[in-house]
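Listed here are the chains, written in short residue letters.
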Amino acid sequence: MSTDLKSRFLQVYDTLKSELINDPAFEFDEDSRQWVEKMLDYNVPGGKLNRGLSVIDSYQLLKGAELTDDEVFLASALGWCIEWLQAYFLVLDDIMDESHTRRGQPCWFRLPKVGMIAANDGIILRNHIPRILKKHFRGKPYYVDLLDLFNEVEFQTASGQMIDLITTLVGEKDLSKYSLSIHRRIVQYKTAYYSFYLPVACALLMSGEDLDKHEEVKNVLVEMGTYFQVQDDYLDCFGAPEVIGKIGTDIEDFKCSWLVVKALELSNEEQKKFLHENYGKKDPSSVAKVKELYHTLNLQGVFEEYENASYKKLITSIEGHPSKAVQAVLKSFLGKIYKRQK
């Protein structure tokens, strides 16, 4: 992704923000306008922007020719809708998880002036998406499909978050609830649809494609999203904090991580009992004991095997696709995440 495209993408953010804080459907005063602007700047553009940028990337590959300025703008606007969706989820997730930091700064609701206003800010972020779509896509033949797509993916993500929340109920720390199939369901719904399928689906709609005819593309992307989350779980424990930009807390937080699921699968009775005793405990010695068990069970080796097998399986699925352009989109996604360190 050229710096040029990234700076053009960021310019579109400024345009969209300015349209939203001057939306004729609401009479803003200086205070409310400033609040929304600060809230957007704090929560929307701060991440890696991978999801948003990949809409432009994918559309470029599908079109197979240089994009016009107008096409770059529209693809960017859809990319920003995904970043807005992500911001909405993260603002509310952080409240639910009682998190302290996000992207290297305090969570939005942790700011003294914000607090629980953040819950309403999340709702506003969510409502900005149809405003952006209406302003820029209302006349397009795929307008209804876009609305449908965002609604459906939001429902899937919220439902994935629900399974995650009710599975990791802190009151009843029961590891026996954790299995590969529950891990897979959480990941698929909570992460894969909006992070992997949604950007490509946006690009396909812009290209005039019918999403119902691309079930296979959806399956490959959801598979890729699952692989991405397993990497994330692995890096949370074995990644270098200075590289991944955060200190992993999955063990302390009793997360349904791929590692603990695999550990349960590979453990003997004694090791299982040991995991039950130490997993989800805040004290550093329990965390160290769990990591030690992970080493004993050679989870790093097991992960490498999983990584190689997943890659082979994904490449095979991709190469079975009839369209070379679609293959290029899928391979570009896979290339970005394969063997990543952060």
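Look up a bit, the structure's there.
These lines cover the structure that appears in this document, whether it is placed above or below. These numbers come from a predicted model, not from an experiment.

With the rule as written, the count across this model stands at 17 salt bridges. Between Asp 164 and Lys 190 there is a salt bridge, with the nearest N and O atoms lying 2.7 Å from each other. With Asp 164 in helix α6 (residues 143-167) and Lys 190 in helix α7 (residues 180-206), this pair connects stretches of sequence that are 26 residues apart. In this structure Asp 164 comes out as buried when scored by relative accessible area, which is 9%. For Glu 319, the salt bridge is made with Lys 331, and the minimal N-O distance between the two is 2.9 Å. You can see Glu 319 sitting in helix α13 (residues 299-319) and its partner Lys 331 sitting in helix α14 (residues 324-337), a full 12 residues away along the chain. One network of salt bridges, with partners in common, ties together Lys 17, Glu 37 and Asp 41.

The next thing to look at is the packing of aromatic side chains. Inspection of the entire model under this criterion finds 21 aromatic pairs. Taken together, a centroid distance of 5.6 Å and an interplanar angle of 55 degrees make the contact between Phe 254 and Tyr 279 tilted. Placement of the pair is Phe 254 in the loop between α9 (241-244) and α10 (258-266) and Tyr 279 in the loop between α11 (269-278) and α12 (284-296), with a sequence separation of 25 residues. Note on Tyr 279: relative accessible area 2%, which makes it buried. Here the aromatic rings of Tyr 311 and Tyr 338 are separated by 3.8 Å at their centres, their planes lie at 25 degrees, and the arrangement is stacked. Remark: Tyr 338 occurs in the segment after α14 and Tyr 311 occurs in helix α13; sequence separation between them is 27 residues.

Tracing the sequence through the fold places Gln 229 in helix α8 (residues 215-238). Beyond its immediate sequence surroundings of up to four residues, Gln 229 is in contact with Val 187 and Thr 191.

So, about the environment of Ala 203. Structurally, Ala 203 can be placed in helix α7. Using a relative accessible area of 0% as the deciding quantity, one classes Ala 203 as buried. For the pair Ala 203 and Lys 63, spaced 140 residues apart in sequence, the C-alpha separation works out to 9.3 Å. If near-sequence neighbours (up to four positions away) are discounted, Ala 203 is found in contact with Val 55, Ser 58, Tyr 59 and Leu 62.

Moving on: the packing of α10 against α13. Here α10 crosses α13 at 110 degrees, and the two axes come no closer than 11 Å. Of the possible angle classes, the one that applies to α10 and α13 is roughly perpendicular. For the pair α10 and α13, the contacting residues are Trp 258, Leu 259, Lys 262, Ala 263 and Leu 266 in the first and Leu 299, Val 302, Phe 303 and Tyr 306 in the second. Across the contact of α10 with α13, the residue classes break down as eight nonpolar, no polar and one charged.

The description of two packed helices rests on the angle between their axes and on the distance between the axes. One way to put it is that helix α5 (residues 117-137) packs onto α6 with a least axis distance of 10 Å and a crossing angle of 165 degrees. Considering their axes alone, α5 and α6 lie roughly antiparallel with respect to each other. The element α5 and its partner α6 pack so that their crossing is right-handed. Here Arg 126, Ile 129, Leu 133, Lys 134 and Phe 137 of α5 lie close against α6, whose contacting residues are Tyr 143, Leu 146, Leu 147, Phe 150, Asn 151 and Glu 154.

What follows is about the environment of Thr 168. Relative to the helices and strands, Thr 168 is located in the loop between α6 and α7. For Thr 168, a relative accessible area of 13% puts it in the buried group. With 97 residues separating them along the chain, Thr 168 and Glu 265 place their C-alpha atoms 18 Å apart. When residues no more than four places from it in sequence are discounted, the contact partners of Thr 168 are Tyr 178, Phe 254, Lys 255 and Cys 256.

Calculation notes
Residues numbered from 1 in each chain as written. Predicted model: local features only at pLDDT ≥ 70, side-chain atom pairs only at ≥ 80, totals over all residues. Heavy atoms only, no water. Salt bridge = Lys/Arg side-chain N within 4 Å of Asp/Glu carboxyl O. Helix = DSSP H or I, 4+ residues; strand = E, 2+ residues; numbered from the N terminus. Buried < 20%, exposed > 50% of the residue type's maximum accessible area, 1.4 Å probe, protein only. Phe/Tyr/Trp six-rings, centres within 6.5 Å; stacked < 30°, edge-to-face > 60°. Contact = heavy atoms within 4.5 Å. Axes fitted to C-alpha atoms, helices over the stretch in contact; angles between N-to-C directions. Parallel < 35°, antiparallel > 145°, perpendicular 65-115°, else oblique. Nonpolar A, V, L, I, M, F, W, Y, C, P; charged D, E, K, R; others polar. Left-handed = near helix turned anticlockwise from the far one by under 90°.

By themselves, these are just geometric observations and shouldn't be taken as functional.
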